[in-house]
Each structure stands twice: as C-alpha cells, then as structure tokens.
Amino acid sequence: MESLIRRYFDDVRFVHTQEYIALRRKLFAEIDEDFAFLEGYQTMAIVALAYDKTQVKFAGKGFGMIARYAYGEDYHKTFYRLFDALEVEALEAGFKIKGYADVSPVDERFLGYLSGLGFIGHNDLLIHPTFGTYMMLGTILIDQAMTQDAPSPLEQGCGTCTKCIDACPGGALSKEGFIKEHCVSYQSQMKDPLTLTQVKKFKTFIWGCDVCQRVCPKNAGLKGPFHPSFNPDEHTQLPLADLLTLSNKAFSKKYQAYAYAFRGGLVMKRNAIMLMYNQRLGEHLPLIKETLNTYQHVDWFYQTVKPIVEEMEQWS
C-alpha cells in the first residue's frame with residue numbers, strides 16, 4: 001500500500017489510529033473531539049504534495065498578489081482527484097481508504113509531527129526536511145494496519161531562530177504560540193470588520209501572506225519534486241479595480257478553479273479596497289464609494305470600508 005500511495009504523493013508517513021486518538025485526548029483534553037469518523041480505519045496516513053517556492057514578481061500599484069500556496073489549481077481539487085484515483089487502485093489491492101484534505105476533522109500538522117513527516121516551527125507550520133514549509137498536507141484513512149513511522153526526533157526544531165517571529169507583519173507569532181486573529185493571512189480570509197490599523201498591513205498581498213515562509217532558513221535551497229498543479233499562471237496577481245466591477249457571481253465563475261475563490265467575491269473586494277488605500281490609488285475612490293453603497297448592508301464589509309473612504313476623501 002505504501003508504494004501505491006507514493007505513486008500519487010511526494011511523501012507519506014503512517015500512524016496507528018488508536019495512538020492518534022489517545023494522544024489527542026491526552027494533549028488536547030480541553031477540545032471536545034468526535035473520533036467517530038475514524039471507526040473502521042486502523043491506520044492514518046499523512047501525505048504531502050510539494051510546490052515550488054518561487055514567486056512571481058509584484059506587478060506594482062493596482063495589483064494584488066496571491067500567496068504562493070494558492071497558485072494554480074485549488075489544492076483541494078488536486079487532492080480529491082488523486083484520492084479518487086487512489087481509491088480505485090486501493091480497492092483492487094484489497095484496501096478500503098478515505099481521503100481528506102484541509103477541511104477535515106484531522107489535525108494534519110499534529111499528525112504530520114506525530115508521524116515523523118516534520119516538526120512544527122515557530123511559524124505554526126509543519127516543516128519537512130526536504131520540502132520545508134512549501135507543501136500541502138492531506139490525510140488518508142486505511143482500514144488495515146500499516147507499519148508506523150518513527151516520531152520526529154526531539155532535536156528537530158527552530159532552535160534560537162526567531163526570524164519568522166520578528167518578520168510577522170501582524171505580530172501573530174511567538175515562541176509561546178500562534179495568535180491566529182493577528183495573522184494577516186487569516187484576516188485576509190475572514191468576514192470580520194478590520195480596523196484601519198489592521199488595514200494598513202495590506203500593501204501587496206490581496207490573499208494570504210508569505211512572510212514567515214520567505215524568511216525561514218529551513219526553506220533555503222529547496223529542491224523538487226514539485227507538483228505541477230501549483231505552478232503560477234495568469235491569475236497569481238489580480239487587478240484591483242477589475243475586482244470591484246465584477247459581481248460576486250461573476251467572480252466565482254471566473255476564479256472557481258482557485259483556492260482563494262472559496263470565501264467569495266465580497267471578501268476579495270474588501271481586500272482590493274484595502275490595497276487601493278495603501279497603494280494611494282485615489283483615482284479609484286468613486287468606484288470604491290459605489291461598491292460601498294452596493295454592499296452597505298453587509299456589516300463587516302461596511303465597518304471596514306467606511307473609514308477607508310472617509311480617509312481617502314481627505315486626500316488632496
């Protein structure tokens with residue numbers, strides 16, 4: 001089974017299901033987790049798809065960059081296409097499997113650490129010895145027992161390095177833990193009102209934030225294989241003004257193949273307006289005001305954009 005999985009994924013490690021459950025209950029007793037979805041599966045496999053860390057060059061004012069993980073095909077679609085093909089072959093080999101990617105009850109980073117796939121860094125990401133942080137994670141449940149991999153060596157870790165902590169634009173990282181509400185990437189995806197102080201963090205990225213990955217020494221000199229589905233294309237940077245002219249339905253139709261489309265067009269409109277403000281694109285104020293008027297009934301959008309408009313109206 002391992003050799004079969006490796007034909008589809010760049011790395012795979014195994015953990016006994018009962019060990020995962022026991023450790024989750026011991027280490028995260030405050031979380032009320034339902035493990036019913038694991039019934040009938042003896043093994044949990046954590047799988048990785050690596051992608052090239054190379055970013056396209058910022059096109060300049062009027063554009064918003066997409067975080068590197070969201071280049072190319074939506075990784076959820078990539079994983080589930082591979083899961084479907086793998087399931088057919090697994091059944092022929094006498095195995096029953098179930099695949100999950102990102103949106104699942106499994107804590108994939110914890111499973112990755114437990115399996116020996118990597119260690120969790122100060123950036124709150126799983127760091128692989130070959131792929132660094134530039135990989136997507138998925139989980140495959142297997143109905144039969146597999147040989148469990150050794151846990152990550154205790155000496156693996158960030159040591160005294162604090163480059164990601166020092167560089168984080170939102171101040172979300174520390175040696176004590178991760179505060180997701182302060183993370184710029186998290187803020188770019190959530191439907192929450194943002195203060196002007198938070199808005200001013202958004203200068204070039206319209207979706208996500210790659211700072212903690214770009215400064216990490218563990219990501220120096222990475223080599224493939226890199227999964228081709230995540231190569232850059234014409235939609236790795238988005239024209240800000242164009243986003244405001246698209247209806248939410250038209251946005252979803254145009255960008256439906258990409259991971260950043262799942263939150264909908266209004267989130268991206270909000271983000272585009274924040275970048276217009278920080279890039280000093282005052283010529284777009286009439287378009288921004290029109291957009292605000294159209295969506296003034298959406299509280300989180302209105303509370304974020306209204307102060308931006310009021311400040312831009314003061315520009316000479």
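A quick note: this is a predicted structure, and the numbers were derived from the prediction, not measured.

Definitions and cut-offs
Residues numbered from 1 in each chain as written. Predicted model: local features only at pLDDT ≥ 70, side-chain atom pairs only at ≥ 80, totals over all residues. Heavy atoms only, no water. Helix = DSSP H or I, 4+ residues; strand = E, 2+ residues; numbered from the N terminus. Expected span 1.5 Å × (residues − 1). Contact = heavy atoms within 4.5 Å. Phe/Tyr/Trp six-rings, centres within 6.5 Å; stacked < 30°, edge-to-face > 60°. Buried < 20%, exposed > 50% of the residue type's maximum accessible area, 1.4 Å probe, protein only. Lys NZ or Arg CZ within 6 Å of the ring centre and 35° of its normal. Salt bridge = Lys/Arg side-chain N within 4 Å of Asp/Glu carboxyl O.

1. Notes on helix H3 (residues 75–92)
When the terminal C-alpha atoms of H3 are compared, their 26 Å separation across 18 residues agrees well with the 26 Å that a helix rising 1.5 Å per residue should span. Where the residues of H3 are buried, they touch helix H1 (2–6), strand E2 (43–50), strand E4 (97–100) and strand E7 (135–142).

2. As for the packing of aromatic side chains
Between two aromatic rings, the relevant description is the distance of the centres plus the angle of the planes. Applying the stated criterion across every chain yields a total of 18 aromatic pairs. An angle of 80° between the planes, with centres 5.4 Å apart, marks the rings of Tyr-80 and Phe-83 as edge-to-face. With Tyr-80 and Phe-83 both in helix H3 and 3 residues apart, the pair spans about one turn of that helix. Residue class for Tyr-80 comes out partly exposed when judged on its relative accessible area of 31%. With centroids separated by 5.0 Å and ring planes inclined at 45°, the aromatic side chains of Phe-251 and Tyr-255 adopt a geometry described as tilted. Taken together, the positions of Phe-251 and Tyr-255, both in helix H10 (residues 248–255) and 4 residues apart, correspond to about one turn of that helix. Taken as a pair, Phe-251 and Tyr-255 share a single burial class, namely buried. Through pairs of rings, three or more aromatic residues link up here, namely Phe-9, Phe-79, Tyr-80 and Phe-83. Arg-24 extends its terminal NZ or CZ atom over the ring of Phe-28, reaching a point 4.1 Å from the ring centre. Arg-280 extends its terminal NZ or CZ atom over the ring of Trp-315, reaching a point 3.8 Å from the ring centre.

3. Observations regarding the pattern of salt bridges
Scanning the entire structure with this criterion turns up 9 salt bridges. When the shortest N-O distance is used, the salt bridge between Arg-24 and Glu-33 registers 3.0 Å. Arg-24 sits in the buried class, given a relative accessible area of 4%. Here Arg-109 makes a salt bridge to Asp-124, at a shortest N to O gap of 2.8 Å. Here Asp-124 lies in the loop between strand E5 (119–120) and strand E6 (126–127) and Arg-109 lies in helix H4 (residues 108–115), a separation of 15 residues in the sequence. On the accessibility criterion, Arg-109 (34% relative accessible area) is partly exposed. The exposure class assigned to Asp-124 is partly exposed, which follows from its relative accessible area of 21%.

The values are spatial; any link to function lies outside them.
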